[in-house]
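Now for the letters of each chain:
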Amino acid sequence: MEIIRTVSEMKAKAAAWKAEGLSIGLVPTMGFLHEGHRSLVKRAVSDNDRAVVSIFVNPIQFGVNEDFDRYPRDLKKDADMCAEAGADVIFNPSEQEMYPAGFCSYTDMALVTEGLCGARRPGHFRGVCTVVMKLLNIAAPDRAYFGQKDAQQLAVIKRMTRDFNMDVEITGMPIVREADGLAMSSRNTYLSGDERAAALYINKALSEALRIFRDGDADIQQIKRHIETTLSGLPSVKIDYVEIVDAETMQAIQTLDRSALCAVAAYVGKTRLIDNVVLEV
Ligand code: AMP
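Residues numbered from 1 in each chain as written. Predicted model: local features only at pLDDT ≥ 70, side-chain atom pairs only at ≥ 80, totals over all residues. Heavy atoms only, no water.

1. Quick look at the site of the ligand
Neighbouring residues of the ligand: 17 residues in total, closest M30, G147, D150, V176 and M184. Residue H37 places a side-chain N or O atom 2.9 Å away from an oxygen atom belonging to the ligand. Between an oxygen atom of the ligand and a side-chain N or O atom of D150, the distance comes to 2.6 Å. Contact with the protein chains hides 93% of the accessible area of the ligand, taken as 480 Å² for the molecule alone. Counting residues per element, the shell around the ligand draws most heavily on helix α2 (residues 35-47), which supplies three residues. Grouping the amino acids of the shell around the ligand by side-chain chemistry returns nine nonpolar, six polar and two charged. (Near = heavy atom within 4 Å. Polar contact = N/O pair within 3.5 Å; in protein donor to acceptor, adjacent residues only side chain to side chain. Areas by Shrake-Rupley, 256 points an atom, 1.4 Å probe, with all protein chains shown as cover. Helix = DSSP H or I, 4+ residues; strand = E, 2+ residues; numbered from the N terminus. Nonpolar A, V, L, I, M, F, W, Y, C, P; charged D, E, K, R; others polar.)

2. Thoughts on the sheet that holds strand β7 (residues 237-246)
An order of β7-β8-β9 is seen for the three strands of this open sheet, with the pairing classed as antiparallel. Unpaired on one side and paired on the other, β7 and β9 (271-279) mark the two borders of the sheet. The sheet shows a mean angle of 15° between the axes of neighbouring strands, taken without regard to direction. Strand direction decides the pairing type here: β7 and strand β8 (residues 260-268), joined by nine bridges, are antiparallel. By the bridge assignment for β8, V242 is matched with V264. (Pairing = 2+ DSSP bridges. Axes fitted to C-alpha atoms, helices over the stretch in contact; angles between N-to-C directions.)

3. Considering the pattern of salt bridges
According to the stated counting rule, one finds 18 salt bridges in the structure shown. Taking the shortest distance from any N to any O, the salt bridge between R177 and D275 comes out at 2.9 Å. With R177 in the loop between β6 (169-173) and α8 (193-215) and D275 in strand β9, this residue pair connects regions lying 98 residues apart in the sequence. Classification of R177 as partly exposed rests on a relative accessible area of 25%. For D257, the salt bridge is made with R258, and the minimal N-O distance between the two is 3.1 Å. Classification of D257 as partly exposed rests on a relative accessible area of 48%. R258 sits in the partly exposed class, given a relative accessible area of 37%. The network of salt bridges with shared partners includes E35, R38 and E84. (Salt bridge = Lys/Arg side-chain N within 4 Å of Asp/Glu carboxyl O. Buried < 20%, exposed > 50% of the residue type's maximum accessible area, 1.4 Å probe, protein only.)

4. Brief notes about unusual backbone geometry
The phi dihedral of L116 falls on the positive side, at around 45°, and the residue is not glycine. With respect to the helices and strands, the residue L116 is situated in helix α5 (residues 116-120). Given the relative accessible area of 4%, L116 is considered buried. Despite not being glycine, N165 has its phi angle at roughly 50°, a positive value. Relative to the helices and strands, N165 is located in the loop between α7 (151-163) and β6.

5. Structural notes on the packing of helix α1 (residues 7-19) against helix α6 (residues 124-139)
The geometry of α1 relative to α6 is characterised by a closest axis approach of 7 Å and an angle of 50° between their N-to-C directions. Considered as vectors, α1 and α6 are oriented oblique to each other. On α6, the residues that touch V7, M10, K11 and A14 of α1 are N137, I138 and A139. Residue classes in the contact of α1 with α6 are distributed as five nonpolar, one polar and one charged. (Parallel < 35°, antiparallel > 145°, perpendicular 65-115°, else oblique. Contact = heavy atoms within 4.5 Å.)

In structure tokens, the structure reads:
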């Protein structure tokens, strides 16, 4: 497995593969990889002739008071995981390489980015769309893989690639959880023991929401209230949002007459965590 650090080398590698008629799969990540990332890499390896994992902590998707500076990094461990999972290349550019002096073009999007994390993290999806657009142009994949863990991001990227007529197939992959149900996240490393125990209630509340939904006749407000009540009883947890939205457009809905996303964002101590379940109609 090779580690490539420049855009020109990554483009040359992708072009050479294409010339040989090989298909390419891309897994965009910010590194500090865990089993959730590994599931994406394995899928990219099995679906394609060549698999690229990008590792880039993208500064423009972080807000001013967010954790860009302390976001965890461990390239050596990431490289071992990628090699073991069968990846061919890690693309690990510097900030300077991705955003050289004079850089001033951004990809933005309406509607799908308006609620949930888009509303709470101004500029976040502008940063995400811009970096993903660049990564897709650089690695020229036939397929790219994203986790349902970041459900709004997945919806945004599906919409963006459709709206811009991009020749890439976007595949969403299920949320990988710890044995006790906590959704895997690079940010879980910030949690103290007590915070981790409290964080478990996010998944517990969502699992109960799913059960209530499957039992029938609960409405959106009841389901949301149930989650809010579960989480608001925990002193170290502060709800950022509890929302039930259309699973594709991420727009608010009034009744559960179509597949919906039930999504939670909450601060556990200082750490902001997100998780979700799909309420399938
Ligand atoms: P990140 O490094 O956090 O930007 O995530 C890179 C990709 O991995 C994104 O598409 C995430 O949705 C996906 N991902 C992160 N955590 C998980 C998880 N627990 N299960 C499945 N996919 C995940």
